[in-house]
Amino acid sequence: DVKVTQSSRYLVKRTGEKVFLECVQDMDHENMFWYRQDPGLGLRLIYFSYDVKMKEKGDIPEGYSVSREKKERFSLILESASTNQTSMYLCASSPPAGSGGTDTQYFGPGTRLTVL
Amino acid sequence: AQTVTQSQPEMSVQEAETVTLSCTYDTSESDYYLFWYKQPPSRQMILVIRQEAYKQQNATENRFSVNFQKAAKSFSLKISDSQLGDAAMYFCAYRSPEGFGNEKLTFGTGTRLTIIP
C-alpha cells in the first residue's frame with residue numbers, strides 16, 4: 001500500500017515563526033502536492049511538484065514556499081507564519097498521468113496547524 | 001478554470017438505506033477525470049471511486065456507484081446499504097486530461113455524511 005506520512009499531526013506556532021511541514025511518500029511517485037483544507041472551502045492547492053527540484057504554484061501560493069530535494073520528500077515552508085494560515089494541511093502524492101488508472105492521489109493524515 | 005460545486009454541505013441517512021450526494025462541475029474540456037474521495041473523522045482521505053469522462057458506463061465499486069451525466073456536467077455518488085463506517089466528509093474532484101501539468105485536482109467544498117443507527 002502507498003504510504004504518505006506527515007511529520008506532525010498537530011502543530012502550534014507563534015506569529016512570525018518560520019514553519020516547516022514535512023511529507024514523505026514511499027511509492028517512488030513523481031508527483032507531490034500540498035493542499036490546505038478549510039471548512040466550507042474544501043481543499044485548495046498550494047504548490048505541487050513533478051520531480052526533484054521542480055515546483056509549480058497552485059491556486060493559493062502566497063505566503064508559502066516549497067522544497068523538494070529528494071523524490072520522496074516534499075516540504076511546505078511558511079516563511080513568517082500568520083494567524084490566517086491556521087488550517088489543516090494535507091500532502092498527497094501520485095504517479096504521473098497516464099499510469100493506466102493508477103494515477104490517483106494518495107493523501108497523508110494531515111497536519112493541523114494553529115498560529116497564535 | 002474548472003470549478004466543482006457540492007451544494008449539500010450536510011446529509012444524513014438511516015443505516016441500511018441509500019443516499020445520493022450531488023456534484024456538478026464546469027469545464028470546457030471534453031475529456032477529463034472525476035473522483036469521489038472520502039475523509040473519515042480524524043483519518044486519511046481515501047479514493048472512493050473514479051470516472052473517466054470518455055467512458056459512458058457509470059463506475060461502480062461495491063456499494064458505491066456514480067451517476068455521470070456528461071451533458072449536464074453532473075457526477076453524483078450513490079451509497080447503497082449505508083453503514084456506520086460510511087460516515088465521513090465526501091469530496092468530489094476534477095482532473096484535466098492526461099498530460100504534463102494536468103495532475104492537479106480541483107475539489108468541491110465537501111458534503112458531511114452522517115449515518116443514523
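Residues numbered from 1 in each chain as written. Chains lettered and ligands numbered in written order. Predicted model: local features only at pLDDT ≥ 70, side-chain atom pairs only at ≥ 80, totals over all residues. Heavy atoms only, no water.

**Q** Please provide a residue-by-residue account of the packing of aromatic side chains, values included.
**A** Within this structure, the stated rule accounts for 16 aromatic pairs over all chains. Here the aromatic rings of Tyr25(B) and Tyr32(B) are separated by 5.3 Å at their centres, their planes lie at 65 degrees, and the arrangement is edge-to-face. Like Tyr25(B), the residue Tyr32(B) is buried in the burial classification. Taken together, a centroid distance of 6.0 Å and an interplanar angle of 55 degrees make the contact between Tyr37(B) and Phe107(B) tilted. Remark: Phe107(B) occurs in strand E11 (residues 105-107) and Tyr37(B) occurs in strand E5 (residues 33-39); sequence separation between them is 70 residues. Judged by relative accessible area, Tyr37(B) falls into the buried class, the value being 0%. Within the aromatic cluster, the residues linked to one another by ring pairs are Phe33(A), Tyr35(A), Phe48(A), Tyr50(A), Phe107(A), Phe35(B), Tyr37(B), Phe91(B) and Phe107(B). (Phe/Tyr/Trp six-rings, centres within 6.5 Å; stacked < 30°, edge-to-face > 60°. Buried < 20%, exposed > 50% of the residue type's maximum accessible area, 1.4 Å probe, protein only. Helix = DSSP H or I, 4+ residues; strand = E, 2+ residues; numbered from the N terminus.)

**Q** With reference to specific residues and values, describe the sheet that holds strand E7 (residues 65-70) of chain A.
**A** All names here are of chain A. In spatial order, the strands read E1-E3-E8-E7; together these four strands make up an open sheet with antiparallel pairing. Edge positions in the sheet fall to strand E1 (4-6) and E7, since each has one partner strand and no second. Ignoring strand direction, the axes of neighbouring strands in this sheet form an average angle of 20 degrees. Sheet topology note: the E1/strand E3 (residues 19-25) ladder contains three bridges and is antiparallel. Opposite glutamine 6, over in E3, you have cysteine 23 as the bridge partner. (Pairing = 2+ DSSP bridges. Axes fitted to C-alpha atoms, helices over the stretch in contact; angles between N-to-C directions.)

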